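The lines below spell out each chain.
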Amino acid sequence: MIEYIFSYQINQSERIRQKYLKDFLVQLSMLNFYMEVSSNNKYISKRQYEVVGRFLVEIRKITFGVIRSE
């Protein structure tokens, strides 16, 4: 995920920058899915899942805001 953020910052082409942001969103969705599976299998508590979930939602909102602003 860090790779996508750095790639976004380095590239100048609008189309390529959008691609990296969308790839970053895919990775966030995958992370959210893995957190849900971990919670369902009792590897992490519901509280941990909720805290991380709220954090991921905030990151997703910021990313969508960056996409809309460009």
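Look up: the structure comes first, before these words.
This is a predicted model, so every value here is computed, not measured.

What counts and how
- Residues numbered from 1 in each chain as written.
- Predicted model: local features only at pLDDT ≥ 70, side-chain atom pairs only at ≥ 80, totals over all residues.
- Heavy atoms only, no water.
- Helix = DSSP H or I, 4+ residues; strand = E, 2+ residues; numbered from the N terminus.
- Expected span 1.5 Å × (residues − 1).
- Buried < 20%, exposed > 50% of the residue type's maximum accessible area, 1.4 Å probe, protein only.
- Contact = heavy atoms within 4.5 Å.
- Salt bridge = Lys/Arg side-chain N within 4 Å of Asp/Glu carboxyl O.

Participant: Even after reading the chapter, I still don't get helix α3 (residues 46-69), so can you show me in this structure?
Facilitator: In an α-helix there are 3.6 residues to a turn, and that puts residues three or four apart on one side. For α3, built from 24 residues, the straight-helix expectation of 34 Å at 1.5 Å per residue is met to within 8% by its first-to-last C-alpha distance of 34 Å. Gly53, Leu56, Thr63 and Ile67 are the residues of α3 that are buried. Looking at the buried side of α3, the elements it contacts are α2 (14-40).

Participant: I would appreciate a short explanation of the pattern of salt bridges in the present structure.
Facilitator: All chains considered together, the criterion is met by three salt bridges. Across the pair glutamate 70 and arginine 17 runs a salt bridge whose closest N-O atoms are separated by 3.4 Å. In this pair, glutamate 70 sits in the segment after α3 while arginine 17 sits in helix α2, placing the two residues 53 residues apart along the sequence. Glutamate 70 sits in the partly exposed class, given a relative accessible area of 37%. Among the residues examined, arginine 17 registers a relative accessible area of 17% and is labelled buried. Between lysine 19 and aspartate 23 there is a salt bridge; the shortest N-O distance is 2.6 Å. Within this pair, lysine 19 and its partner aspartate 23 are both found in helix α2, separated by four residues, close to a single helical turn.

Participant: Any chance you could explain unusual backbone geometry here in plain terms?
Facilitator: With the exception of glycine, most residues fall at negative phi, and the peptide bonds are largely trans. You will see that lysine 42, though not glycine, has its phi angle at about 65 degrees, which is positive. In this fold, lysine 42 is placed in the loop between α2 and α3.

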